[in-house]
Amino acid sequence: PNSVEQEELLLGVVLNNLQVLMTTDDDFRAKHGQLVLRKTWQILEHNSGRRTYGSKEEELQKKDLSTKAVILLAAASKQRVHTLRRHLKSEAVITNFEVVVKNEELHHSPDLEDVFVEMNWAGRQVMNLLRCLRGPCMLDPRKKQAFRIISRCADVL
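Residues numbered from 1 in each chain as written. Predicted model: local features only at pLDDT ≥ 70, side-chain atom pairs only at ≥ 80, totals over all residues. Heavy atoms only, no water.

1. Examining the overall build of the protein
Now for step 1: Scanning the protein from terminus to terminus reveals six helices and zero strands.
Now for step 2: Mapped in sequence order, the helices and strands of the protein form the string α-α-α-α-α-α.
Now for step 3: Taking 2.2 N^0.38 as the reference for a compact globule, 157 residues should give roughly 15 Å; the C-alpha atoms of the protein span a radius of gyration of 15 Å, in line with that estimate.
Now for step 4: Taken over the C-alpha atoms alone, the protein extends approximately 45 × 45 × 20 Å along its principal axes. (Helix = DSSP H or I, 4+ residues; strand = E, 2+ residues; numbered from the N terminus. Rg over C-alpha atoms; globule rule 2.2 N^0.38 Å.)

Now the structure itself:
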């Protein structure tokens, strides 16, 4: 557990630094933006799938890392760095989006603050949101994640 905690802390620092580079350095963004976003989604998907339910400390670590990933994705969605938005519409992102939201429903303690993965450019695509409400990653309509996704659909429309 100690090495997992250290790895999460390190990944969090890396994500913070990448966010700064992605929003301030045009050359870095042009050369590495797509890769950074793809890897961020992978980190988010892997982290969201971790079964930490019951361990408050691990739950908080998982939430903190996921939040940092979502902040990076949200920063990449801003108007100033709009050139990255197209990378948030790829098929890999669409699949990851559904899985991350479903994982949050399955493996995230209801007592913890939500990880608002839908608050980035991928969450502005109504088809991404609707995929969370049907199919293999269909959200439970009685849980808060489904309510969040429906609310986001209403915001976008």
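Moving on from the coordinates now.
2. Some remarks on the nonpolar core
Now for step 1: By size, the foremost hydrophobic cluster in this structure holds 30 residues, and its most contacted members are L37, W41, L44, F97 and V117.
Now for step 2: Listing elements by their share of this core, those giving two or more residues are helix 1 (2–24), helix 2 (26–48), helix 3 (56–77), helix 4 (91–107) and helix 6 (144–156).
Now for step 3: No other element matches the six residues that helix 3 contributes to this core.
Now for step 4: With residues up to four places along the chain from it excluded, the contact list for V117 reads W41, L44, V70, F97, V100, V101 and R148. (Core = buried A, V, L, I, M, F, W, Y, C linked by side-chain atoms within 4.5 Å. Buried < 20%, exposed > 50% of the residue type's maximum accessible area, 1.4 Å probe, protein only. Contact = heavy atoms within 4.5 Å.)

3. Considering the confidence of the model for the protein
Now for step 1: Scored by pLDDT, the protein has a mean of 89; 97% of the residues are at 70 or more.
Now for step 2: Of all secondary-structure elements in the protein, the lowest mean pLDDT belongs to helix 4, at 87, while helix 6 reaches the highest, 96. (pLDDT = per-residue confidence, 0-100.)

4. Section: helix 2
Now for step 1: The largest bend in helix 2 is about 65°, located at H32.
Now for step 2: For helix 2, the complete set of buried residues consists of F28, R29, G33, V36, L37, T40, W41, L44, N47 and S48.
Now for step 3: Against helix 1, helix 3 and helix 4 lie the buried residues of helix 2.
Now for step 4: By the N-cap criterion, in which a side-chain oxygen at the helix start approaches the backbone nitrogen of a residue two or three places on, helix 2 is capped by D25, the distance to D27 being 3.1 Å. (Bend = angle between axes of the 7 residues up to and from the residue. Polar contact = N/O pair within 3.5 Å; in protein donor to acceptor, adjacent residues only side chain to side chain.)

5. Concerning the environment of D111
Now for step 1: For D111, the location among the structural elements is in the loop between helix 4 and helix 5 (126–131).
Now for step 2: Considering only alpha carbons, one finds D111 and K56, 55 residues apart in sequence, at a separation of 9.9 Å.

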